[in-house]
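# Structural description and commentary
As a plain string of letters, each chain reads:
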2 protein chains.
Amino acid sequence: MTTTAKNDSVLIDEAALSRFIALALEKVGLPASDAAQVARLMAQADAQGSDGHGVIRLPQYVRRILAGGINVRPNIRVVTERAAMAVVDGDNGMGHLVVSRAVDIAIAKAATAGVAWVGTRASNHAGPASLYARMPMDHDMIGLYFAVGNANHLPPWGGMEMLLSTNPIAAGIPAGEESPVVLDMATTVAAYGKVKAKAKRGEMMPEGWMIDRQGRPLTDPTRAEEGFLLPIGGHKGYGLALVVGLLAGTLQGAAMGREVVDFNHDDVTPTNTGQAILVIDLKAFGDPAIFKHRVDVLVQDIRGAERLPGVERIWLPGEQSGQRRRDYAATGIPVSAVLVRELNELALSLSIARLS
Amino acid sequence: MTTTAKNDSVLIDEAALSRFIALALEKVGLPASDAAQVARLMAQADAQGSDGHGVIRLPQYVRRILAGGINVRPNIRVVTERAAMAVVDGDNGMGHLVVSRAVDIAIAKAATAGVAWVGTRASNHAGPASLYARMPMDHDMIGLYFAVGNANHLPPWGGMEMLLSTNPIAAGIPAGEESPVVLDMATTVAAYGKVKAKAKRGEMMPEGWMIDRQGRPLTDPTRAEEGFLLPIGGHKGYGLALVVGLLAGTLQGAAMGREVVDFNHDDVTPTNTGQAILVIDLKAFGDPAIFKHRVDVLVQDIRGAERLPGVERIWLPGEQSGQRRRDYAATGIPVSAVLVRELNELALSLSIARLS
């Protein structure tokens with residue numbers, strides 16, 4: 001089940017990781033089926049290499065649940081809807097449950113209306129955006145996902161007050177024979193989860209990820225709280241982060257701007273997190289097979305394009321995480337020794353079996 | 001009506017500019033009402049400072065129309081639809097007409113379904129993205145607009161073959177007392193229209209806009225064809241340009257990748273341009289006044305945020321173009337002397353009155 005990998009990490013298989021997470025969440029009060037669903041999605045995050053958003057978050061989730069900051073028995077419900085939209089109130093439940101419900105509703109509505117937008121409020125951190133953008137693809141649908149991040153690390157362009165988060169955008173676009181095109185990007189140069197993962201691994205950040213309050217490059221991730229993230233494309237990324245926040249947060253009545261709760265420092269206040277999924281049914285536009293074939297051709301044209309000197313391969317969005325998913329399925333998921341130790345301490349405190 | 005401004009440009013009022021454009025388009029065969037509608041939108045582009053997408057394009061449009069590359073009497077029609085979506089076939093008509101029709105349909109559908117996506121195919125270049133993202137705001141609706149650019153200037157990340165365009169994203173989000181939040185961004189560091197405008201004004205480009213085929217910075221806009229644009233945020237902007245192209249182009253059966261016609265070098269081949277508008281009806285989500293008040297608060301928090309040393313003001317997306325619109329309404333729109341000369345030559349060749 002577990003083996004030692006290079007770089008001081010331990011290889012753990014996805015099912016074992018999922019069982020461990022489920023056990024922990026059940027122990028702190030989630031119903032077994034909810035615990036299993038959250039655990040499955042968290043382990044999926046690690047299994048695709050989204051290591052800033054998977055099991056690394058478990059200690060924090062548990063701490064927040066024990067502090068009463070998350071409702072373990074939420075009444076997740078639709079509060080308003082039309083043919084092509086709904087708003088889901090998550091009743092402060094685990095974000096993974098709230099967003100999964102939103103995606104299910106959006107898929108059902110898109111099957112009739114052709115397109116549907118379902119947003120959440122009173123939700124919580126839900127892991128990597130691509131998890132949810134991927135879900136509609138099984139139904140020959142496109143998923144587009146927007147979320148408000150759970151801590152503000154981005155000032156407006158030219159400013160110092162961190163009023164914005166990394167507000168990610170994700171897209172899942174089905175292909176035919178090729179892997180789907182799966183984009184998952186923070187509107188900042190780096191997501192804060194990546195900063196935390198760097199710190200956990202004891203690595204430095206490249207210049208360009210963060211600056212300090214004097215505008216100087218900040219490269220030590222353990223000093224992350226002394227500075228702020230930089231948006232992609234300067235003022236453009238700032239504008240994009242703002243628009244994503246308005247769509248994923250403000251539109252649904254979820255937190256945005258000064259209302260955003262820093263869930264890294266506050267385990268109690270409900271975060272009122274907002275997310276939104278747009279689902280587009282390919283069948284409404286024509287024969288999905290034709291669409292998917294055109295995506296294949298485009299993917300192959302891109303992969304086969306002439307390369308800049310020194311570039312070995314041109315990657316499509318999602319191709320590397322897809323490759324990692326296949327690799328990790330064979331070898332197990334590398335989890336850093338530091339994190340394993342932390343998870344085993346958590347296990348001890350919850351009186352459950354150690355991870356490895 | 002016209003005065004000489006500094007920087008060797010001429011000030012022309014919006015109505016005069018619009019009349020000139022309409023006259024030219026009517027002369028080359030557009031029905032009067034279509035010519036007036038396109039002209040109004042083109043002049044609006046200049047009136048908000050989108051000088052790469054307004055009257056600067058008129059000589060090219062006229063050349064293409066005279067060459068038979070645009071259908072001046074198109075049968076613009078819905079080819080497929082559901083409650084929350086439609087595909088509009090533009091029959092190779094002027095893009096401004098095709099996209100305006102798409103927006104009207106999306107607004108009508110969103111009023112019932114809550115949200116609607118309307119895409120185009122067999123459309124053409126339609127000017128700045130923000131024109132269309134703004135339209136739903138009059139109905140207390142949000143507009144999100146995506147388009148495939150009309151010439152490929154962006155290679156995939158690491159590549160040299162220009163398979164992608166600047167594929168812009170625009171958003172129009174209503175506020176209450178404040179100006180609306182209007183984002184209009186190419187997924188490249190600079191839009192190609194801005195490169196063309198730099199060339200027309202005889203200015204150099206900053207480093208970071210383009211590189212040549214050896215990967216070196218390219219700063220002379222008259223040499224633009226020797227290099228290619230850079231995406232925002234490196235691989236992220238590449239992914240975003242790809243996703244926008246799949247949504248605005250491939251989804252509707254419009255051109256994408258190698259199918260994109262370079263309309264700067266080919267006046268004849270139908271471009272099969274694709275665009276898409278997503279309209280979200282605020283009324284479906286709750287009281288629009290509450291939403292707009294929350295946008296106001298956010299805008300004021302952002303504007304009032306502590307600033308980095310040396311920064312005089314924090315701008316909201318769309319605030320500067322809004323300011324320009326007000327300024328130009330008072331003073332007239334500055335049009336470069338070079339462009340005025342070109343437009344007057346066009347007038348001569350079409351036997352219509354000179355612009356100034």
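Note that the coordinates shown come from a computational prediction; the quantities given were computed from them, not determined experimentally.

## Regarding the environment of B:Ala199
Residue and element names in this part refer to chain B. Tracing the backbone shows Ala-199 in helix H6 (residues 192-201). Separated by 25 residues in sequence, Ala-199 and Ala-224 have C-alpha atoms that sit 9.0 Å apart. Every residue in contact with Ala-199, bar those within four places of it in the chain, is listed here: Pro-221, Thr-222 and Ala-224.

## A look at the sheet that holds strand S8 (residues 181-185) of chain B
Residue and element names in this part refer to chain B. Ordered by their spatial adjacency, seven strands build an open sheet running S3-S4-S5-S12-S6-S7-S8, and the pairing between neighbours is mixed. Single-partner strands in this sheet number two, and they are strand S3 (77-82) and S8. The mean inter-strand angle of the sheet, taken between neighbouring strand axes irrespective of direction, is 15°. Relative to strand S7 (residues 169-173), strand S6 (residues 141-147) runs antiparallel, the two sharing four bridges. What sits directly across from Leu-144, in S7, is Ala-171.

## What to know about helix H9 (residues 288-303) of chain A
For H9(A), built from 16 residues, the straight-helix expectation of 22 Å at 1.5 Å per residue is met to within 8% by its first-to-last C-alpha distance of 22 Å. Within the sequence span of H9(A), burial applies to A:Phe291, A:Arg294, A:Val295, A:Leu298, A:Val299 and A:Ile302. Buried residues of H9(A), viewed axially, fall in a sector of 140°; they line one side. For H9(A), the elements touching its buried residues are strand S7 (169-173), strand S8 (181-185) and helix H8 (282-285) of chain A together with helix H7 (235-248) of chain B.

## Re the domain arrangement of chain A
Residues and elements named next belong to chain A. Along its sequence, chain A is carved into domain 1 (2-66 + 319-350) and domain 2 (77-188 + 231-285). Between domain 1 and domain 2, the C-alpha centre-to-centre distance is 23 Å. Counting from both sides, the interface comprises 16 residues of domain 1 and, opposite them, twelve residues of domain 2. Taken together, the residues of the side of domain 1 that touches domain 2 break down into four nonpolar, seven polar and five charged.

Calculation rules
- Residues numbered from 1 in each chain as written.
- Chains lettered and ligands numbered in written order.
- Predicted model: local features only at pLDDT ≥ 70, side-chain atom pairs only at ≥ 80, totals over all residues.
- Helix = DSSP H or I, 4+ residues; strand = E, 2+ residues; numbered from the N terminus.
- Contact = placed C-beta atoms within 7 Å.
- Pairing = 2+ DSSP bridges.
- Axes fitted to C-alpha atoms, helices over the stretch in contact; angles between N-to-C directions.
- Expected span 1.5 Å × (residues − 1).
- Buried ≥ 20, exposed ≤ 12 C-beta atoms within 10 Å, placed from the backbone.
- Arc of directions from axis to C-beta.
- Domains from an automatic or database assignment.
- Nonpolar A, V, L, I, M, F, W, Y, C, P; charged D, E, K, R; others polar.

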